[in-house]
Amino acid sequence: MPLTSPKAIPKATSEAASAPRPTMSPLITAKNLSLSYGQSKVIDSADFVVNEQDFVCVVGANGSGKSTLIKAILGLLKPRTGKISFGSNIKRNSIGFLPQDTKVDSNFPATVFEIVLSGTLGYLGIKAFYRKKDKAKAEEALKNLNISKLKNTSFSNLSGGQKQKVLLARALAATSKILILDEPSNNLDYKSRQEFYKALKNLNQSGLTIVMITHDLDAEDLIGNKIISIKESKVACEITTEYLRRYK
Amino acid sequence: MNWLFEMLSYSFMQRALIAGILISICAALTGVSLVLRKNSMIGDGLSHTAFGAFAIATVLNFTPIWFAIPVVIIASFFVLKLSGNKKINGDAAIALLSASSLAIGTMAISLTKGVNIDLNSYLFGSVLSIGWSDVWLSLGLTAVVVLLYVFAHNRIFAITFDEDFAKAIGIKTNVYDVIFAIICSLVVVIGMRLLGALLISSLIIFPTLIAMQFSKSFGRVVVYAVLISMINFALGLAVSYLITSPTGATVVIVNLIALVIVYALRKIIGK
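Conventions and cut-offs
- Residues numbered from 1 in each chain as written.
- Chains lettered and ligands numbered in written order.
- Predicted model: local features only at pLDDT ≥ 70, side-chain atom pairs only at ≥ 80, totals over all residues.
- Heavy atoms only, no water.
- Helix = DSSP H or I, 4+ residues; strand = E, 2+ residues; numbered from the N terminus.
- Rg over C-alpha atoms; globule rule 2.2 N^0.38 Å.
- Contact = heavy atoms within 4.5 Å.
- Areas by Shrake-Rupley, 256 points an atom, 1.4 Å probe, with all protein chains shown as cover.
- Buried area = accessible area lost by both parts, 1.4 Å probe.
- Salt bridge = Lys/Arg side-chain N within 4 Å of Asp/Glu carboxyl O.
- Polar contact = N/O pair within 3.5 Å; in protein donor to acceptor, adjacent residues only side chain to side chain.
- Buried < 20%, exposed > 50% of the residue type's maximum accessible area, 1.4 Å probe, protein only.
- pLDDT = per-residue confidence, 0-100.
- Expected span 1.5 Å × (residues − 1).
- Pairing = 2+ DSSP bridges.
- Phe/Tyr/Trp six-rings, centres within 6.5 Å; stacked < 30°, edge-to-face > 60°.

Colleague: Help me understand the overall build of chain B, please; the structure alone is not making it clear to me.
Modeller: Along the backbone of chain B there are 12 helices and 0 strands. Secondary structure elements of chain B occur, N-terminal to C-terminal, as α-α-α-α-α-α-α-α-α-α-α-α. Radius of gyration (C-alpha) of chain B: 19 Å, near the 18 Å computed for a compact globule of 271 residues. For chain B, the spread of C-alpha atoms along the principal axes amounts to about 55 × 50 × 30 Å. Nonlocal contacts in chain B, meaning residues at least 24 apart in sequence, comprise 76% of its contacts between residues at least 6 apart. Roughly 12,200 Å² of accessible area belongs to chain B as shown, and the carbon and sulfur atoms make up 71% of that amount.

Printed below as a string of structure tokens:
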């Protein structure tokens, strides 16, 4: 069911922002958040909450500010006003991040394990070398995504779907709490995309909180329990079923 | 083998060999990150800036190397700033810097009377220009670069592969950018005396490109690039002594032949 952009963005309500899983505690809270590049305002006074074990899809047209919002959550962009706060056990550098695949050179000379292991660098502090537990974490991430056999394979020799899984494994090695994904299904064929979504659903069911920007507004891409939609600098947060109901 | 002993009996050749191999190590280590981040042209831009700085220093009767080092470091920060600015085309900025520096250097030399400057040695390098102070400077730089790579190779890999991710996990990528800019400037200024302003960037680019033809692991590409860089420099120096050719050009041609052979072999073997 292809969807078009929302005609009107509903005002975010505290009910929509925190309703789906009331027993879960908030992991990311944005209050009165405004973001801009120079004089150009991208996000205006946004309020939303991402709870533990939420699977949030961030939707909006090209240039609406989806990636800007993610940058702010990752601490790569300072808010103009307002703030983003995290749950008690969360630090910014322990968030797993999967950037858009176009930003990674697909012919880069690196093995899968070198890439996945680099996900653990956030835990290393000032230490120079990886420890046994970092290597074990990377191995576990590979195992969770069923790509252990690719460990010593060159990144450049992988298919598009496998490359995305490797980058997802790197993000998993960086976190045990929150994954943030920036349009991860871009350039994936239908089969690879379904496999990738299946892996994400499994990770979410095992307790991981996921925030995913999705470019496609097909209903089958809105696999999360919550939607953050951005239109004309305004941000709305609602549960997925309500968002979909508005398009019927 | 008599020619080899004869070559090594000259103190200027000893200095050129030692300084050249040390600079080759630094250039290869810096080059891996620059090439893989698609910033290869930065070396070229900085070497042209170094030419301009050397020419002005000579005309003003300053010690060229100590004048060129701060000038090139400032230019590297300028290039770094421009490459991070989305409104300005970084490649165009480097091209402008290169052409302007070459023009300023050439004008400074041509308009100054009573100063005897060998323009060719600045543009294409000269083994005779390497003194023991250059050797010690190269040794110090190599120690710093090797230590940086030993203790930060994992972070350098993360930044080189995916800068956004590296930032997201808390790596201070801007600090590494500044360190790389300073190291690249020093490699260019010291190496330029040996290979020349027009050829020094080849020492930064070729070893990585050759190493990438037969290794698909970042760690191995780094190690191979260093070995290739050292071997090709020594070979180029020896060949230039044997056939009495310009050292800089010979080193570049040795690297070019190595790249063609390795590329052809990879295609034939189908790796």
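Next comes the rest of the account.
Colleague: Whenever I open this one, the interface of chain B and chain A confuses me. Can you help?
Modeller: Reports often express the size of an interface as the amount of accessible area lost when the parts come together. Each side of the interface is counted separately: chain B has 27 residues, and chain A has 34 residues. In total, about 2,500 Å² of surface goes out of reach between chain B and chain A, with carbon and sulfur atoms giving 64% of it. On the chain B side of the interface with chain A, the three residues burying the most area are Phe161, Phe165 and Lys216 of chain B, jointly 29% of the side's total. There are 1 salt bridge connecting chain B and chain A. Between Arg170 of chain A and Asp162 of chain B there is a salt bridge, and its shortest N-O distance comes to 2.7 Å. At the boundary of chain B with chain A, the tally comes to 8 residue pairs in polar contact (both at pLDDT 80 or more). Elements supplying a minimum of two residues to the side of chain B that touches chain A: helix 7 (132-161), helix 8 (163-168) and helix 11 (218-243) of chain B. It is helix 7 of chain B that contributes the most residues to the side of chain B that touches chain A, 9 residues altogether.

Colleague: When you look at the environment of Leu222 of chain A in this model, what are you seeing that I'm missing?
Modeller: Note that Leu222 of chain A resides in the loop between strand 7 (209-213) and strand 8 (226-231). Leu222 of chain A gets classed as buried once you look at its relative accessible area, which sits at 6%.

Colleague: Hey, could you run me through the confidence of the model for chain A in this one?
Modeller: Low pLDDT means the predicted atomic positions in that stretch should not be read closely. All names here are of chain A. Averaged over all residues, the pLDDT of chain A equals 82, while 85% of them reach at least 70. Helix 1 (residues 14-18) is the least confidently modelled element of chain A, averaging 39 in pLDDT, while helix 3 (residues 112-117) averages 96, the highest of any element. Throughout residues 1-19 the model reports pLDDT below 50, and contacts reaching past four residues in sequence, or to other chains, amount to 45 contacts.

Colleague: Can you walk me through helix 3 (residues 41-59) of chain B in this structure?
Modeller: For the α-helix, the turn length of 3.6 residues means that residues three or four positions removed from each other point alike. With 19 residues, helix 3 of chain B extends 28 Å between its outermost C-alpha atoms, agreeing within 8% with the 27 Å of an ideal straight helix rising 1.5 Å per residue. Asn61 of chain B, located one to two residues past helix 3 of chain B, shows a positive phi value of around 65 degrees.

Colleague: Would you mind showing me how to read the pairing of strand 3 (residues 55-60) of chain A here?
Modeller: Each regular strand shows side chains that alternate between the opposite faces of the sheet. All names here are of chain A. When you tally the buried positions in strand 3, you get 6 out of 6 residues, the bulk of the element. The pairing of strand 3 with strand 7 spans 4 bridges and is classified as parallel. Opposite Phe55, over in strand 7, you have Ile210 as the bridge partner. By the bridge criterion, 5 bridges tie strand 3 to strand 8 in an arrangement that is parallel. When the bridges of strand 8 are listed, Cys57 appears paired with Ile227.

Colleague: Whenever I open this one, the packing of aromatic side chains confuses me. Can you help?
Modeller: To describe a pair of aromatic rings, one takes the distance between the centres and the angle between the planes. A complete count under the given rule lists 11 aromatic pairs over all chains for this structure. Taking the centre distance of 5.1 Å and the plane angle of 75 degrees together, the rings of Phe108 of chain A and Phe161 of chain B count as edge-to-face. Residue Phe108 of chain A is located in the loop between strand 5 (96-98) and helix 3, and its partner Phe161 of chain B is located in helix 7; the two belong to separate chains. The residues Phe108 of chain A and Phe161 of chain B share a single accessibility class, namely buried.

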